[in-house]
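# Fold and geometry: a report
Given next are the chains, with one letter for each unit.
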Amino acid sequence: MLRIGLTGGIGSGKSTVAELFAARGVPVIDADVIARELVAPGQPALAAIVAAFGSEILNAEGALDRSRLRERVFSDAKQRLQLEAILHPRIRAEMTTRITTLNAPYVMLVIPLLFEAAQTDMVDRVLVVDVSPEVQRERVAARDALSQQQIEAILTAQLDREHRIERADDVIDNSGDLAALEQQVDTLHRRYLALAKA
Ligand code: ATP
């Protein structure tokens, strides 16, 4: 089965694009969704995070305080690497397991940190969702309760736009409206079906 890695910076439109592929019957496996499941109360990855970051990383209900964790890792590169060392191998293993259960011409793997976390060997082809940093800031600010400073810290920690595009096999320009996005998804969907058959 052909594996397409879907990536892009924060707020570029990965989830939106993934939904459009899913609506065309393409199975989607999202690394962020898996990451959230892995840190649910009682999961070994949560215990590993508490061991590394202390119990102050939990909220009153004993669940992971995601905004506190985000503050810690985006203000300190060492802690970010520590968190990634806990999560990335587990996410990878879970994705691999899920791929084996599928029966489809191709699968879309949504991996936000595909390049940053050196996950390109997981996929046959890379699809980048591209928008300018200005559009990223706008859409993230409209969607999330993040400060300008937090948004900037995340943008800085991620690979820059030029390098991401340079390493892409296919690029979706998501600076337009949803109709423009759907058109690009349709074109790519046909291309991936053809590639999967070849
Ligand atoms: P993250 O990296 O934070 O997970 P993402 O890359 O998955 O984000 P989305 O959540 O799909 O990005 O999109 C970011 C925001 O921009 C969402 O609120 C989404 O509804 C909106 N959005 C996405 N594409 C467009 C578009 N073409 N026009 C207007 N708004 C859009």
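Residues numbered from 1 in each chain as written. Predicted model: local features only at pLDDT ≥ 70, side-chain atom pairs only at ≥ 80, totals over all residues. Heavy atoms only, no water.

Right, let's get into the domain arrangement of the protein. With domains assigned, the protein is organised as domain 1 (1-27 + 106-198) and domain 2 (35-101). The C-alpha centroid of domain 2 is placed 23 Å from the C-alpha centroid of domain 1. Listed as interface residues are 16 residues of domain 1 and, on the opposing side, ten residues of domain 2. Between domain 1 and domain 2, the buried area comes to about 1,100 Å², and carbon and sulfur atoms account for 67% of it. Within the residue set of the side of domain 1 that touches domain 2, elements represented by two or more residues are strand S3 (106-110) and helix H7 (148-157). A per-element tally of the side of domain 1 that touches domain 2 places H7 first, with four residues. Residues belonging to the side of domain 1 that touches domain 2 are distributed by class as follows: twelve nonpolar, two polar and two charged. (Domains from an automatic or database assignment. Contact = heavy atoms within 4.5 Å. Buried area = accessible area lost by both parts, 1.4 Å probe. Helix = DSSP H or I, 4+ residues; strand = E, 2+ residues; numbered from the N terminus. Nonpolar A, V, L, I, M, F, W, Y, C, P; charged D, E, K, R; others polar.)

What follows is about the packing of aromatic side chains. Aromatic rings in a pair are described by how distant their centres are and how their planes are angled relative to each other. If you walk through the whole model with that rule in mind, you get three aromatic pairs. Put simply, the rings of Phe 21, Tyr 106 and Tyr 192 pair up and form one aromatic cluster. (Phe/Tyr/Trp six-rings, centres within 6.5 Å; stacked < 30°, edge-to-face > 60°.)

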